[in-house]
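Coordinates in review
Chain residues, written in single-letter form:
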Amino acid sequence: MKKIFVINGGQSFGHSGGKFNETIANETVAFFTENEDYEVQVTHVSDDYDPVAEVDKFTWADVIIYHTPIWWFQLPHNFKKYIDEVFTVGHNKGIYRSDGRSSENPAINYGTGGLMHGKKYMLTTSWNAPQEAFTLPGEFFMEKSVDEGPLFGFHRMNAFTGMQPLKSIHFHDVEKNADVEKDVKVYNQHLTEVFTHVAN
């Protein structure tokens, strides 16, 4: 797992400046570029990009690392647009072949037509919501984790391509009570743990 593709899905919009995700994405790049065993490519979805070139980055990479804030419980619009454009161009060009079904038996095997088997991905998200909104009885997310609740569809999207998940990390209450220094330390520990395991 030596080729790392980092995607920064943050953007400046409304009262969000995208700074937290930029910080975390920069930490990711630094973590891997300081190790000569890794190669890194980076995309910021708010910058101009060529969808064909982005497909090439997906097919080049061993691991895709997504960084995104969550707005209204979903991806920001620039990131969603990026996914729509790049994955569509990636049809029969390295991301997916089909939805996996056959005309003979269209009821089964949906989601098995991906072309990115053997690749892995990792997701980081940032939230205004506190962690307790996901864990405490009676709180907003009804005890559903980020990965099993709001981001379930995102994970199935990646499964559709054939990729397997690495352990996600989610940052909470960053709008009102951010502790960036602490979060950066926790994140670097997460990277060390995840990629030590992957290397072994």
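Here we summarise the structure given alongside this text. Fair warning: this is a prediction, and the values are worked out from it, not measured in the lab.

**Quick look at the overall build of the protein chain**
- Helix and strand counts for the protein chain come out as six helices and six strands.
- Helices and strands appear in the protein chain in the N-to-C order β-α-β-α-β-α-β-α-α-β-β-α.
- Taken over the C-alpha trace, the protein chain has a radius of gyration of 17 Å; the compact-globule value for 200 residues is 16 Å, and the two agree within 12%.
- Contacts in the protein chain between residues far apart in sequence, at least 24 positions, make up 73% of those at least 6 positions apart.
- Total accessible area computed for the protein chain in this model is approximately 10900 Å², and 50% of it derives from carbon and sulfur atoms.
- Looking at the protein chain, you have 17 positive and 27 negative side-chain charges, and the mean spots of the two groups are 6 Å apart.

**Brief notes about the pattern of salt bridges**
- Evaluation of the coordinates by the stated rule reveals four salt bridges.
- Between K81 and E85 there is a salt bridge, and its shortest N-O distance comes to 3.1 Å. Here K81 pairs with E85, and both are found in helix 3 (residues 77-89), just four residues apart, close to one helical turn.
- What makes E85 partly exposed here is its relative accessible area of 28%.

**With respect to the packing of aromatic side chains**
- Scanning the model with the defined rule gives 22 aromatic pairs in all.
- Measuring from ring centre to ring centre gives 6.1 Å for Y66 and Y121, while their planes differ by 65°; the resulting arrangement is edge-to-face. Placement of the pair is Y66 in strand 3 (residues 63-69) and Y121 in strand 4 (residues 120-126), with a sequence separation of 55 residues. Y121 shares its class with Y66; the two are buried.
- The residue whose ring lies beneath K2 is Y38, and the NZ or CZ to ring-centre distance is 5.3 Å.

**Remarks on unusual backbone geometry**
- Despite not being glycine, N92 has its phi angle at roughly 60°, a positive value.
- Looking at where N92 falls in the secondary structure, it is placed in the loop between helix 3 and strand 4.
- A positive phi angle, near 60°, is found at E143, a position not held by glycine.
- Residue placement: E143 occurs in the loop between helix 4 (132-135) and helix 5 (152-161).

**Section: helix 5**
- Every buried residue belonging to helix 5 is among F154, H155, M157, N158, F160 and T161, and all of these are buried.
- Residues of helix 5 that are buried in the fold lie against strand 3, helix 3 and strand 4.
- Where helix 5 ends, the next residue or the one after it, G162, has phi of about 105°, a positive value.

**Points about the side chain of T124**
- Of note, T124 is situated in strand 4.
- When residues no more than four places from it in sequence are discounted, the contact partners of T124 are I24, Y66, H67, T68, I169, F171 and Y187.

**Thoughts on the nonpolar core**
- Ranked by size, the top nonpolar core spans 29 residues in total, and within it I7, F58, I64, Y66, F79 and Y82 carry the most contacts.
- Every element with two or more residues in this core is listed here: strand 1 (3-8), helix 2 (51-60), strand 3, helix 3, strand 4, helix 4 and helix 5.
- With residues up to four places along the chain from it excluded, the contact list for I7 reads T43, V45, F58, I64, I65, Y66, H67, F79 and Y82.
- Core analysis: the second largest hydrophobic core is formed by 20 residues, I24, A25, Y38 and I169 among them.

**A short note on the layout of surface pockets**
- By volume, the second largest pocket amounts to about 370 Å³.
- Together, 16 residues line the second largest pocket, and Q131, H170, F171, H172 and D183 are the ones closest to its centre.
- Listing elements by their share of the lining of the second largest pocket, those giving two or more residues are helix 4, strand 6 (169-171) and helix 6 (180-199).
- By residue class, the composition of the lining of the second largest pocket is six nonpolar, six polar and four charged.

Conventions we followed
- Residues numbered from 1 in each chain as written.
- Predicted model: local features only at pLDDT ≥ 70, side-chain atom pairs only at ≥ 80, totals over all residues.
- Heavy atoms only, no water.
- Helix = DSSP H or I, 4+ residues; strand = E, 2+ residues; numbered from the N terminus.
- Rg over C-alpha atoms; globule rule 2.2 N^0.38 Å.
- Contact = heavy atoms within 4.5 Å.
- Areas by Shrake-Rupley, 256 points an atom, 1.4 Å probe, with all protein chains shown as cover.
- Lys, Arg positive; Asp, Glu negative; His and termini not counted.
- Charge placed at Lys NZ, Arg CZ, Asp CG, Glu CD.
- Salt bridge = Lys/Arg side-chain N within 4 Å of Asp/Glu carboxyl O.
- Buried < 20%, exposed > 50% of the residue type's maximum accessible area, 1.4 Å probe, protein only.
- Phe/Tyr/Trp six-rings, centres within 6.5 Å; stacked < 30°, edge-to-face > 60°.
- Lys NZ or Arg CZ within 6 Å of the ring centre and 35° of its normal.
- Core = buried A, V, L, I, M, F, W, Y, C linked by side-chain atoms within 4.5 Å.
- 1 Å grid on protein atoms, 1.4 Å probe; cavity = no way out; pocket = protein on both sides within 12 Å on 5 of 7 lines; lining within 4 Å.
- Points joined across faces, edges and corners; volume = space filled by probe spheres on them.
- Nonpolar A, V, L, I, M, F, W, Y, C, P; charged D, E, K, R; others polar.

Just distances and angles here, no functional claims.
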